[in-house]
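Letter by letter, the chains look like this.
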Amino acid sequence: METESEPYVRLASLRMLHHVVAQLNTARSLADTLQTVADGVVEGLGFEIAAVNLVRADGDLVVAAVAGSPAAEAMMAGRVGSRASWERRLTMGEQWGSLRFIPYTEGWVLDDDDVPQWHATGIVPQHNDGWHPMDRLFAPLYASDGELLGVLSVDKPRNGRRPGAWGCEALQMYASQAAIAISNARLRSNMQRALVRLEREQQALRASEESFRQAFEYAPSGMAVAEMGGDQHGRLLRINDALCRLLGRPATAMRRYSFSDLVHPEDIGTLLRTSAEGGRAELRLARRDGSYVWVSLRNSVVADAADGPRYLLTHVEDIEERKRHELQLAHRASHDSLTGLPNSAELRARLGSRLCAQPGRGTAAVSDVARLEAAGNHEMGAVDARHGWGTHDRTPGLGAFEAARGYGPGPEVPYDGSDGYEGAWQPQDPNAHPHGAYGAYGGHAGHQGHQVHPGHPGHPGHAAPGAYEGYEGYEGYDGYAADGFAVDGSLPGVEVPEEFGGPVPPGALPFTVGGPGMPGAASGPGGRPDPHHVHARPPEGDGPGEKGLAVLFCDLDGFKSINDRFGHHSGDAVLVEVARRLSGGVRDNDTVARMGGDEFVVLADGLGPSEAQDLAVRLRNAIIPPIRVDGRAVRVGASFGIGWAACGMTPEEILQSADQRMYVEKRSRSKGQRRAG
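Computed from a prediction, not measured in an experiment: that's the story for all the values here. As a convention, each chain's residues are numbered from 1 in the sequence order in which they are written. At least 70 in pLDDT is required for a residue's local features to be given in this predicted model, at least 80 for side-chain atom pairs to be given and counted, and no such filter applies to totals for whole chains, interfaces and linings, which use all residues. Side-chain calculation: all heavy atoms of the structure are included, whereas hydrogens and water are not.

## Digging into the packing of aromatic side chains
Going by this rule: Pairs were defined over the aromatic rings of Phe, Tyr and Trp, the Trp ring being its six-membered one, requiring ring centres within 6.5 Å. Orientation was assigned from the angle between planes: stacked under 30 degrees, edge-to-face over 60, tilted for the rest. Labels follow the DSSP assignment, with helices taken as runs of H or I lasting at least four residues and strands as runs of E lasting at least two, numbered in each case from the N terminus. Per-residue accessibility, obtained with a 1.4 Å probe over protein chains only, is compared with the maximum for each type, and a residue is labelled buried under 20%, exposed over 50%, and partly exposed between these values. By definition, being over a ring means that NZ of Lys or CZ of Arg is both within 6 Å of the ring centre and within 35 degrees of the ring normal.
All chains considered together, the criterion is met by four aromatic pairs. Ring centres of tryptophan 86 and phenylalanine 138 lie 5.5 Å apart, and the angle between their planes is 80°; this geometry places the pair in the edge-to-face category. In this pair, tryptophan 86 is assigned in helix 4 (residues 83-89) and phenylalanine 138 in strand 6 (residues 136-142), connecting sequence segments 52 residues apart. For tryptophan 86, a relative accessible area of 2% gives the class buried. Overall, the relative accessible area of 6% leaves phenylalanine 138 in the buried class. The structure contains a cluster of three or more aromatic residues connected by ring pairs, namely Trp96, Phe101 and Trp131. When the ring centre of tyrosine 257 is taken as origin, the NZ or CZ atom of arginine 249, which lies over that ring, is 5.3 Å away. When the ring centre of tryptophan 294 is taken as origin, the NZ or CZ atom of lysine 323, which lies over that ring, is 4.4 Å away.

Below, the structure is given as C-alpha cells:
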C-alpha cells in the first residue's frame, strides 16, 4: 500500500476495502457487527491488530471486539476506559484528517491511565516514517448526528511504516462505513429488544386479562364495570354472575341499568358522594323482587390502554348479615330486652331530638304554665263528666275541687257478667267508699264490685274479684287518680313528697323551666341551629291550634304484690302484657318506652291538654282488665302524670316533671287505700 504511485496497488486496496465494507452489512447482531469491523481492519487495511471501543450508556468506552491477536484480545476484551481518558487521547498528538496519531515520543504519558491497551513487541524503526511499537493511531466513529459511537484503534502495520495518504484515506472511509454499520446494528438491536419486550408485555397483558376475566367472572362477590363520562356515564357494561345472583337479575337486564337506577332512594346521596377513585360506600340496592339488600361498594378506575378510555370497576360485597347484626346490636342497646320497647336511653334520645337550647314560646313565663295546669285540672274533671265516672277520694282539697263542679257518683247499674267472667254483682256496701266498689279509677280494700255510671255506654262494670273463678283477688292495689293522671301541685291540700323537694307552692311548677339546651335534631351541622327545627312548647289552653308533645309517665299499681306472691316470672309476664296493651293504645308515630321496673313513658305529639288526658284514661282502662298468667288471673292498675316537652328544658327535667305529677297523685291517698293483697 505504500507504493502509492502504482495504480494497481490502489486498485487492489480499493477492492479489498469494498469487500470488507460489504462484510459489515452481513452481520445480524450488534456484537457480530463490532467483531466484523475489527476483522475488516486486519483483513483489508494492512494492520495486524485492531480493537473496537464502544461507548456505553454511562459514557465510558468498553473494548467490544479485538482482532489479530489472541493475546491482545485476552488482555483487553471487556475492559472499560473512562470517557475522560479517551477525550484526552482524541485531543493529543497529530490530526490526520479525522484520524488521531500519537507518536511514541508523546504517548508515554498515557502508559498509566485507565484505557485498556496492548503494546506489540518490535524493533525501533530506523527511518522517520517507520512504525514504533509505542505509536498509537485512532479512528473515531461518529454517527450522522455527530454522536461518538466508539473508537477504532489499530496497531502494527504489516509494512512496518506509518500509513501514508492513501492508507489514511482508506482507514477514514472504512471508519465512516463502520460507524454507519454500528448505528444500524444498534437500531436493529434496540428494535429487537423492543419487540421482545413488547411481546413479553403482550403476553403479560394477555395473562393479566385472562386472570382478570377469571377473577371477575368467578369472584365470590359481585363485580361490575361501568362507563365513565359521556352520555352513558355509569351504565353497567360487564357484570359477573355473583352480582346477578345477589340482585336476582340476568346480565342482559343489568346492562340497561346504572347503580343510580338500583340504589335505594334514601341512599342516592351516598352514592353520588362516593369518589370514583378509591371511593367506598355502604348502601342498599334493589333486587328484582322489589326488596333491598345492603352492600358495600368499592370503586377503582381502570383503562384499556395508557391513553384509552377509562372505566369504573366496582366491587360489590353483600353485607346484609353484618348490617342485620349491627341493627340487632343497636336495637338491643336501645330497647328493653323483656318487653321490646325503647329503653330509657332511647327515650331520652328521642325526646332530646325534639329540643333545643332556645326556649320556645310558652316556656319563658312560669305563670303561663301555671295557668295551663289550672286549665288541665278543670279538664280532668271534664273527662270524668264526659264518661260519667265518679271521682275518687284523693284528698279533701281534691274532693272540694270536684264537688264545686258538681261531679258525683251516678246511679248503680247491676252487672250482668257480660265481660266474660263468671260472677254476680253485689250490692254496694254502705260502709264502703261512697263512689263504688273500685272507685272510678282506683281499687280499694274491701271493695266488692264496680259500679257503672250513666254517660258511659258500653262500659260494663266488674264483679268482685273473689267472684272470678281461678282469679287471685287482692284487697286493693296502689291507688291512682280518679281521672287516671296526677294533678299539679297548685291545688290545696296536695303535697309533694320530700324526696321530690317538699311542697310545691301554689302557682309554681315542680320543675325548672329553661334548662340547658339539648343536642339532636335541633342542632344543624357544626352545632349551628337547624333552620327546619320546630320549637317544642306546651299548649296554652285547649284551642284548635294549641298542640304539643305530651309526656305521659305511667307507674303500675299493685305490681309489687304480684312479684312477691307469684315470683318474678309472673311479674315479667305482666310487664310484657302491659307493654303490649300500651303499644296497642297509641298511634303508630307515638313512642311507648319502659323506663325500668314497672314504669313506662308515652310520647305523643300533636295533642292538646284534653286529648292527652283522654289518652291517659284510655291507656289506664286498657291496663285494668285481668291478665292471665300461669292459669290465674292477676290485675294491676296504673297512675299517670302528664308533662309537656318544651325547648329550653332537658329530657331529664321533662321526665322528672311528669314523674312528680304522677307521684303527687299516688301519694295523695292513704296507705290503706293503696295497699295490695
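The structure having been displayed, the exposition proceeds.
## Let's talk about the sheet that holds strand 8 (residues 222-227)
So the rule is basically this: Pairing between two strands is assigned when DSSP locates at least 2 bridges connecting them. Orientation is described by axes fitted as lines to C-alpha atoms, over the contacting stretch for helices, and by angles from 0 to 180 degrees between their N-to-C directions. The contact rule is simple, with two residues in contact once any of their heavy atoms fall within 4.5 Å.
Judged by pairing direction, the sheet is antiparallel, and its five strands sit side by side in the order 9-8-12-11-10 without closing on themselves. Among the strands making up the open sheet, the edge pair consists of strand 9 (236-239) and strand 10 (280-286). Averaged over all adjacent pairs, the angle separating strand axes in this sheet is 35°, with direction ignored. As judged from the three bridges shared by strand 8 and strand 9, these two strands associate in the antiparallel manner. When the bridges of strand 9 are listed, valine 225 appears paired with arginine 238. Of the strands in this sheet, strand 8, strand 9 and strand 12 (310-318) are in contact with helix 6 (residues 165-217), which crosses strand 9 at around 85°. In the packing of helix 11 (residues 320-334) onto the sheet, contacts are made with strand 10, strand 11 (292-303) and strand 12, and the angle to strand 11 comes to roughly 130°.

## Thoughts on the side chain of glutamate 653
Keep this limit in mind: The charge count includes Lys and Arg as positive and Asp and Glu as negative, but it does not include His or the ends of the chains. Only one rule defines a salt bridge in this text: a Lys or Arg side-chain nitrogen within 4 Å of an Asp or Glu carboxyl oxygen. Contacts described as polar in this section are N or O atom pairs within 3.5 Å, which, within protein, must combine one atom able to donate a hydrogen with one able to accept it, while residues neighboring in sequence count only if both atoms come from side chains.
Note that glutamate 653 resides in helix 18 (residues 651-667). Buried within the structure, glutamate 653 lacks any salt-bridge partner; its nearest side chain of opposite charge belongs to arginine 348, at an N-O separation of 12 Å. Side-chain polar atoms of glutamate 653 contact the backbone nitrogen of threonine 650, separated by 3.1 Å.

## Some details on the pattern of salt bridges
Counting across every chain of the model gives 29 salt bridges. Between glutamate 217 and arginine 238 there is a salt bridge; the shortest N-O distance is 3.8 Å. Residue glutamate 217 is found in helix 6, and its partner arginine 238 is found in strand 9; the two are separated by 21 residues along the sequence. Its relative accessible area of 23% is what places glutamate 217 among the partly exposed residues.

## Observations concerning the nonpolar core
Filter applied, for reference: Among buried residues, those of type Ala, Val, Leu, Ile, Met, Phe, Trp, Tyr and Cys that are joined through side-chain atoms within 4.5 Å constitute a nonpolar core.
Leu137, Leu152 and Tyr174 are the most contacted members of the largest nonpolar core, which has 39 residues in total. Of all the secondary structure elements, the ones that give two or more residues to this core are helix 1 (7-24), helix 2 (30-44), strand 1 (47-55), strand 2 (61-67), strand 5 (99-102), strand 6, strand 7 (148-157) and helix 6. A per-element tally of this core places helix 6 first, with ten residues. Leucine 137 has contacts with Phe47, Trp96, Leu99, Arg100, Phe101, Trp131, Leu152, Ser153, Val154, Pro163 and Leu171, leaving out every residue within four places of it along the chain.

## Section: the confidence of the model for the protein chain
Test applied: The pLDDT score gives, residue by residue, the confidence of the prediction method on a 0 to 100 scale.
Averaged over all residues, the pLDDT of the protein chain is 76; the fraction at 70 or higher stands at 71%. Note that pLDDT drops below 50 for residues 361-521; the model gives that stretch 343 contacts with residues more than four away or on any other chain. Of the regions scoring below 50 in pLDDT, residues 670-677 engages in 23 contacts with residues more than four places distant in sequence or in other chains.

## Side note on helix 18
Cut-off, in case you're wondering: In a helix, the anticipated span is given by 1.5 Å times the number of residues less one.
Taking 1.5 Å per residue, 17 residues should reach 24 Å; helix 18 reaches 24 Å between its end C-alpha atoms and fits that length. Here helix 18 lies mainly inside the structure; 14 of its 17 residues are buried.

## Quick look at the sheet that holds strand 2
If you walk across this open sheet you meet the seven strands as 3-2-1-7-6-5-4, and the pairing is antiparallel. Both outer strands of the open sheet, strand 3 (80-81) and strand 4 (94-96), are each paired with one neighbouring strand and no more. In this structure, strand 6 lies alongside strand 7, joined through six bridges in antiparallel fashion. Note on strand 7: the bridge partner recorded for proline 140 is valine 151. Packing of helix 2 onto the sheet brings it into contact with strand 1, strand 2 and strand 7, and relative to strand 1 it is tilted by some 150°. The sheet strands contacting helix 6 are strand 1, strand 4, strand 5, strand 6 and strand 7, and the helix crosses strand 6 at an angle near 40°.

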